[in-house]
2 protein chains.
Amino acid sequence: MSRWEPNARGRLEQAALELYVERGFEQTTVAEIAERAGLTKRTFFRHYADKRDVLFDGASALQALVVDGIADAPAGIAAISAVAAGIGTATATTFEDRHGEAGKRQAVIDATPELQERELVKLATLATAVARTLRGRGVDARTADLAAEAGIAAFKVAFGRWLAGPPDGKMAEAVRETFEDLGHVASGREPEESGA
Amino acid sequence: MSRWEPNARGRLEQAALELYVERGFEQTTVAEIAERAGLTKRTFFRHYADKRDVLFDGASALQALVVDGIADAPAGIAAISAVAAGIGTATATTFEDRHGEAGKRQAVIDATPELQERELVKLATLATAVARTLRGRGVDARTADLAAEAGIAAFKVAFGRWLAGPPDGKMAEAVRETFEDLGHVASGREPEESGA
């Protein structure tokens, strides 16, 4: 096998997701992932630290995109609008045409408590980074913390809505719609017919 | 030592919190906690499964109170108002006169990644229970999920505000105020001077 392995990362990720879905995360070994991808264990470890890393490798890139999007949002817009803009831009880039992979990844996480914990830590870390970025825009700390936590709550819900929707659905659209709904729901203005 | 140990639970909890703050969670043993409380290891294990359980023992009781509070909220009020009512009532009961213990507990959790993960899982489990309870009130699933996640976000922020405030501050008041702020922040109506 040559050292030049076209799209080794993508092949390893796809093989890992398939195996995690088929056999379960805990039952899958790195050797099996490499074999399924037609690559070596050594190549695996050139790209990923361990088999969990395949699932969380994109977290820091996503966070950087969200933070940049918030920092670059127009001056003077509301904190929650800056968060919505950052998450919308970042997720449009990250999840574009990746509905299938995202669904498999979520199924694996939902089936594995250890991975659920890691996912929650990832979102909490993202909320902290969002709050810090808002304060950097001059938003007061109390508003920044609340907009960050509420924004990450909306992100979670938007992601679930996007996954539950059609394979060609746009994540950016789900984000836009969910943040709009958040404004209504959080101020108690949801349609009356949905109340008890 | 007699089998009747007045307030063994409270003494064990206080001893554990003191030791976790002084020495760190990982460095503290159950034997040391029991000794500090003037009780035996056997008594410790009659009350708690392990040393982590001392910190999370109240989670299911809190969740039951929140769920009951939401289920019993007046018919026809907005989903987020039912969540605010449930969290307000539950936390008033749970945290009344416990500002000191709550602060120590939070310091221990903040210093220990394993405990942070457990705390995040606790909050995620609470959000799921809240969403289910809202659907039981006839709230549509999309609104229920969003009100639950946004409500838990507000709970986290309210708890932080209460801890940062004076020892005699009321948690129920922090909850009321934070949910009110959430309505403003989530719909982009925070004071203009806080924007960039």
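Above: the structure in question.
Overview of the structure. Quantities reported herein were computed from a predicted structural model and do not represent experimental measurements.

1. Observations regarding helix 10 (residues 171–186) of chain B
Compared with an ideal rise of 1.5 Å per residue, which puts 16 residues at 22 Å, helix 10 of chain B spans 22 Å between its outermost C-alpha atoms and is within 8% of the ideal. If you check which residues of helix 10 of chain B are buried, you get Met171(B), Ala174(B), Val175(B), Thr178(B), Phe179(B), Leu182(B), Gly183(B), Val185(B) and Ala186(B). Against the buried residues of helix 10 of chain B lie helix 6 (79–95), helix 9 (141–164) and helix 10 (171–186) of chain A together with helix 6 (79–95) and helix 9 (141–164) of chain B. One or two positions beyond helix 10 of chain B, positive phi appears at Gly188(B), with a value near 70°.

2. Considerations on unusual backbone geometry
Residue and element names in this part refer to chain A. For aspartate 97, which is not a glycine, the phi torsion comes out positive at approximately 60°. On the secondary structure map, aspartate 97 appears in the loop between helix 6 and helix 7 (99–110). Residue classification places aspartate 97 among the exposed positions, given a relative accessible area of 69%.

3. Focus on the interface of chain B and chain A
Across the boundary between the two partners, chain B contributes 40 residues, which contact 40 residues of chain A. Note on chain B versus chain A: buried area summed over both sides is about 3,400 Å², and carbon and sulfur give 64% of it. Summed over the shared surface of chain B and chain A, the number is 4 salt bridges. Remark: the boundary between chain B and chain A carries 4 residue pairs in polar contact (both at pLDDT 80 or more). Contributing elements (two or more residues each) for the side of chain B that touches chain A: helix 6, helix 8 (113–136), helix 9 and helix 10 of chain B. Considering each element in turn, the side of chain B that touches chain A owes the most residues, 12 residues, to helix 9 of chain B. Across the side of chain B that touches chain A, the residue classes break down as 18 nonpolar, 9 polar and 13 charged.

4. Points about the packing of aromatic side chains
Tallying each qualifying case throughout the model produces 12 aromatic pairs over all chains. Arranged with centres 5.9 Å apart and planes meeting at 45°, the rings of Phe159(B) and Trp162(B) form a pair that is tilted. Of this pair, Phe159(B) and Trp162(B) both sit in helix 9, 3 residues apart, which is roughly one turn of that helix. When sorted by exposure, Phe159(B) lands in the same class as Trp162(B), which is buried. In this structure an aromatic cluster arises from ring pairing among Phe44(A), Phe45(A) and Tyr48(A).

5. Describing the pattern of salt bridges
In total, this model carries 30 salt bridges over all chains according to the counting rule given. The salt bridge involving Glu149(B) is made with Lys156(A); its shortest N-O contact spans 3.3 Å. Here Lys156(A) lies in helix 9 and Glu149(B) lies in helix 9, a pairing that spans two chains. Residue class for Lys156(A) comes out partly exposed when judged on its relative accessible area of 29%. Salt bridges sharing common partners tie together Arg142(A), Arg161(B), Glu177(B) and Asp181(B).

6. A look at the side chain of Thr91(A)
Its location among the elements puts Thr91(A) in helix 6. Here Thr91(A) is in contact with Leu62(A), Glu96(A), Phe155(A), Met171(A) and Val175(A), once residues within four sequence places are set aside.

What counts and how
- Residues numbered from 1 in each chain as written.
- Chains lettered and ligands numbered in written order.
- Predicted model: local features only at pLDDT ≥ 70, side-chain atom pairs only at ≥ 80, totals over all residues.
- Heavy atoms only, no water.
- Helix = DSSP H or I, 4+ residues; strand = E, 2+ residues; numbered from the N terminus.
- Expected span 1.5 Å × (residues − 1).
- Buried < 20%, exposed > 50% of the residue type's maximum accessible area, 1.4 Å probe, protein only.
- Contact = heavy atoms within 4.5 Å.
- Buried area = accessible area lost by both parts, 1.4 Å probe.
- Salt bridge = Lys/Arg side-chain N within 4 Å of Asp/Glu carboxyl O.
- Polar contact = N/O pair within 3.5 Å; in protein donor to acceptor, adjacent residues only side chain to side chain.
- Nonpolar A, V, L, I, M, F, W, Y, C, P; charged D, E, K, R; others polar.
- Phe/Tyr/Trp six-rings, centres within 6.5 Å; stacked < 30°, edge-to-face > 60°.

None of this, on its own, says anything about what the molecule does.
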